[in-house]
Amino acid sequence: MTGGSLGLRTASYGSLSVQQQQQQQQQQTQNNPLLSNQYVAASPPRTVLISRKPVKMMMKEKERLVSWFCRFAGRKKVGMIFLIMVSLAALGRILCLGKGQDATVIDHATAIDHAKVIDHGPDRRLKKTTAVGLVPIFSSEGGNLTRDTSLEHVVRHNLQNPRPDYFKGYALPPGNPCETFKYPPPPTDRKRTGPRPCPVCYLSVEEAIGLMPNASSYSPVLRNLTYVYEEHSSKTEFGGSDFGGYPSLRQRNDSFDIKESMTVHCGFIRGPRPGHGTGFNIDDADLHDTEQCRGIVVASAIFGNFDVLRQPKNISKAAQENVCFFMFLDEETEQYMRNTSILDGSKKVGLWRIVLVRDLPYSDPRRSGKVPKLLLHRLFPNARYSIWMDGKLELVVDPYQILERFLWRRNTSFAISKHYRRFSVFVEAEANKAAGKYDNASIDFQIDFYRKEGLTPYSSAKLPIQSDVPEGCVIIREHIPISNLFTCLWFNEVDRFTSRDQLSFSTVRDKIRSKVDWTVDMFLDCERRNFVVQGYHRDVLEHMAPPVVILQHPQTPFLPPPPPPSPPPPAVRLQEKVSNKRPSAKRGKGKKRNRKVAAGSVDTS
């Protein structure tokens, strides 16, 4: 009989009873997955596995050892020494076992308390995990419990975790000012009403870059997303376009049934590659540059010469070198910028890389602007994160700080600000009709369609959802399958109904949320106004130009009046009094003469 048939020896115990107990524990954990982590935490660590020698050889070795020992000591001394050795060994084993179990339990509990700490790559793991005070834990590999020191960091391993390779968020180091940051009370200035920015606690650019995830966020259920390509499509039901296709209502409903692999309509329907013969056509050199953007992209667009080009401010050197800044222009806007010497042949204006778009898919420039706004993942297929901002906005905070504050710190993959005043889609629809944003009949048709599908006015019953109406001029997102699907389906609603994307936002969000554990994170509108400055459209600025000049005229600085002259000495004052008497008499004569002259002139007339 060999030692392999008798079991395996651990660091302390090698008996068959302990081995059988461990096998029973493993069977229990297999039958009950909830006990797996407890078993991992409570079991003592194992060392390298050593096979046993045959029993007969072991017995002979023991007999030789005992006989050799008895030659140098009597039986009583031998027995006493043997008892002392056994007692010390048992006491040491008890102490080591208790300490090991306590350590593993503490490690497991600490790992649960800091479940938000995540592996960010070999270059940042040690700094991040020690910042929140994690202690070493043990991991199970191949059925053996071993200390995880291969990557020189501390990380929580969960045997039952279905997403081991995804970003799970992090906790800020203790004492960080952003942990205890609170919004100050709103200012009570009656002269200034309406929305305004509020303070936001950003980390430094260096800290934000250090916390950038090396792994993507988890995309529930959906793993592979592809897009419909049809050279020839025909309209069968209401809505749709040659650019976005004409999906039937059945296809629309199927697109909300989230599966592991899906193929959906997502614009660019007539070409296998976005920007080539699809409408919204882009030159090969520009397409090549968009495909080379593999990290963060900040994008905007100006169509119909509708806005003024605004340069980002307060951008760090790291962002200037590593973040892609792309501005999409149509031919009308591009020609205007060339005529006004804003744009030359370099395709660069400040930080913006200019991309000329030909053959816009819609006659309405605002509707064409929804293409880059909602389909950035198709124009930048290799980008990880994107920040979209409307052409009327000016970026004033570094992109790394924005992503850290609104995505990574909140452990979300899609963030958008909620409207500062309106929360219900029905209220938003009435406001759009009152402002003439779109024809009333189309808005009424869309709202009535959503009402029949179950749309209800927003109320506290929808919590934790904070609003049904976004302020959609800024979108911060990570490009993962589920967020890409959301923007595809959102664009399909804009293509089918009105171009007012605020009306269709909540319908798409709620349909996806009802199928999978994913939703959109909505932050305060005053926070959005902290990192972008909202300007006016070009036509408004042109009408506002004369009043602005008049208002700025009285604001020119005035020099303060000169100080009064020092009083003269007393001697000079006496001379002044004497001299003042004489001119006063002359002044009287002059007055009389003036009166006579005046009277004479009247008489002569």
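Residues numbered from 1 in each chain as written. Predicted model: local features only at pLDDT ≥ 70, side-chain atom pairs only at ≥ 80, totals over all residues. Heavy atoms only, no water.

Caption draft 1: Representation of the overall build of the chain in the model. For the chain, the helix and strand inventory stands at 21 helices and 15 strands. By the burial criterion, 42% of the 605 residues in the chain qualify as buried. By sequence separation, contacts in the chain at least 24 residues apart represent 79% of the contacts at least 6 residues apart. When the accessible surface of the chain is summed, it comes to about 34400 Å², and 56% of that surface belongs to carbon and sulfur atoms. (Helix = DSSP H or I, 4+ residues; strand = E, 2+ residues; numbered from the N terminus. Buried < 20%, exposed > 50% of the residue type's maximum accessible area, 1.4 Å probe, protein only. Contact = heavy atoms within 4.5 Å. Areas by Shrake-Rupley, 256 points an atom, 1.4 Å probe, with all protein chains shown as cover.)

Caption draft 2: Structural context of the pairing of strand β12 (residues 414–418). Where burial is concerned, most of β12 is hidden: five out of the five residues are buried. In this sheet, strand β13 (residues 470–478) lies alongside β12 in antiparallel orientation, the contact comprising four bridges. Counterpart to lysine 418 in the pairing with β13 is proline 470. (Pairing = 2+ DSSP bridges.)

Caption draft 3: Fine view of the packing of aromatic side chains. All chains considered together, the criterion is met by 30 aromatic pairs. Connected via pairs of aromatic rings, a cluster forms that spans Phe243, Phe268, Phe280, Phe303, Phe326, Phe328, Tyr362, Phe380 and Phe491. The residue whose ring lies beneath arginine 405 is phenylalanine 406, and the NZ or CZ to ring-centre distance is 4.9 Å. Sitting over the face of the ring of phenylalanine 256, lysine 511 holds its NZ or CZ atom 5.4 Å from the ring centroid. (Phe/Tyr/Trp six-rings, centres within 6.5 Å; stacked < 30°, edge-to-face > 60°. Lys NZ or Arg CZ within 6 Å of the ring centre and 35° of its normal.)

Caption draft 4: Structural view of the nonpolar core. With 50 residues, the main nonpolar core has Phe280, Phe328, Phe380, Leu485, Phe486, Trp490 and Ile512 as its most contacted residues. With eight residues, the top contributor of residues to this core is helix α17 (residues 481–496). Listed in part, the 48 residues of the second largest apolar core include Ile302, Leu351, Tyr385 and Phe531. (Core = buried A, V, L, I, M, F, W, Y, C linked by side-chain atoms within 4.5 Å.)

Caption draft 5: Expanded view of the pattern of salt bridges. Summed over the entire model, instances satisfying the criterion amount to 26 salt bridges. A salt bridge links arginine 358 to aspartate 283; the shortest N-O distance between them is 2.9 Å. Of the two residues, arginine 358 is situated in strand β9 (residues 352–358) and aspartate 283 in the loop between β5 (281–282) and α8 (284–292); the sequence distance between them amounts to 75 residues. By relative accessible area, aspartate 283 is classed as partly exposed at 32%. Arginine 529 is paired through a salt bridge with aspartate 525; the nearest N and O atoms lie 2.7 Å apart. Of this pair, arginine 529 and aspartate 525 both sit in helix α19 (residues 525–531), four residues apart, roughly one helical turn. Judged by relative accessible area, arginine 529 falls into the buried class, the value being 18%. Each of the salt bridges in this network shares a partner with another, and the network as a whole consists of Arg252, Glu453, Glu493 and Lys511. (Salt bridge = Lys/Arg side-chain N within 4 Å of Asp/Glu carboxyl O.)

Caption draft 6: View of the packing of helix α16 (residues 440–453) against helix α18 (residues 501–513). Contact geometry for α16 and α18: axes closest at 11 Å, N-to-C directions at 20°. When the interaxial angle is binned, α16 and α18 end up roughly parallel. In the crossing of α16 with α18, the sense of the turn from one axis to the other is left-handed. Contact with α16, carried on its side by Ile443, Gln446, Ile447, Tyr450 and Glu453, involves Leu503, Ser504, Thr507 and Lys511 of α18 and no other residues of that element. Looking at the contact of α16 with α18 residue by residue, the classes come out as four nonpolar, three polar and two charged. (Axes fitted to C-alpha atoms, helices over the stretch in contact; angles between N-to-C directions. Parallel < 35°, antiparallel > 145°, perpendicular 65-115°, else oblique. Left-handed = near helix turned anticlockwise from the far one by under 90°. Nonpolar A, V, L, I, M, F, W, Y, C, P; charged D, E, K, R; others polar.)

Caption draft 7: Focus on the environment of aspartate 390. The topology assignment puts aspartate 390 in the loop between β10 (385–389) and β11 (393–395). The sequence separation of aspartate 390 and alanine 299 amounts to 91 residues, and the corresponding C-alpha distance is 8.6 Å. In contact with aspartate 390, not counting residues within four places along its chain, are Ser300, Lys373 and Cys473.

Caption draft 8: Representation of the environment of serine 233. Tracing the chain through its elements places serine 233 in the loop between β3 (224–227) and α7 (249–255). For serine 233 and proline 247, which are 14 residues apart along the polypeptide, the C-alpha to C-alpha distance reads 9.2 Å. In this structure, serine 233 is in contact with Gly245 and Tyr246, ignoring residues within four places of it in sequence.

Caption draft 9: Geometry of the layout of surface pockets. The volume enclosed by the largest pocket comes to roughly 1100 Å³. Forming the boundary of the largest pocket are 38 residues, of which Asp390, Lys392, Lys437, Arg500 and His537 lie nearest the centre. Grouping the constituent residues of the lining of the largest pocket by class yields 13 nonpolar, nine polar and 16 charged. (1 Å grid on protein atoms, 1.4 Å probe; cavity = no way out; pocket = protein on both sides within 12 Å on 5 of 7 lines; lining within 4 Å. Points joined across faces, edges and corners; volume = space filled by probe spheres on them.)

Caption draft 10: Structural context of the confidence of the model for the chain. Mean pLDDT for the chain: 77, with 65% of residues reaching 70 or above. Throughout residues 28–53 the model reports pLDDT below 50, and contacts reaching past four residues in sequence, or to other chains, amount to 47 contacts. (pLDDT = per-residue confidence, 0-100.)

Caption draft 11: View of empty space enclosed by the protein. Applying the stated criterion across every chain yields a total of two cavities of 30 Å³ or more. There is about 30 Å³ of room inside the second largest cavity. Lining the second largest cavity, in full, are Gly240, Gly244, Gly245, Pro247, Asn492, Asp495 and Arg496. Split into classes, the residues belonging to the lining of the second largest cavity amount to one nonpolar, four polar and two charged.

Caption draft 12: Summary view of α16. With 14 residues, α16 extends 20 Å from end C-alpha to end C-alpha; this agrees with the ideal 20 Å at 1.5 Å per step. The set of residues buried in α16 consists of Ile443, Gln446, Ile447, Phe449 and Tyr450. All buried residues of α16 lie within an arc of 155° about the axis, which places them on one face of the element. For α16, the exposed residues lying more than 90 degrees away from the buried face are Ala441 and Lys452. Buried residues along α16 sit in contact with α7, α15 (425–434), α17 and α18. Glycine 454 occupies a position one or two residues after α16 and carries a positive phi of about 115°. (Expected span 1.5 Å × (residues − 1). Arc of directions from axis to C-beta.)

Caption draft 13: Main features of unusual backbone geometry. With an omega of 15°, the peptide bond between leucine 463 and proline 464 qualifies as cis. Structurally, proline 464 is set in the loop between α16 and β13. With a phi close to 55°, aspartate 359 is a non-glycine residue in the positive phi region. Examined against the element boundaries, aspartate 359 turns out to sit in the loop between β9 and α11 (365–368).

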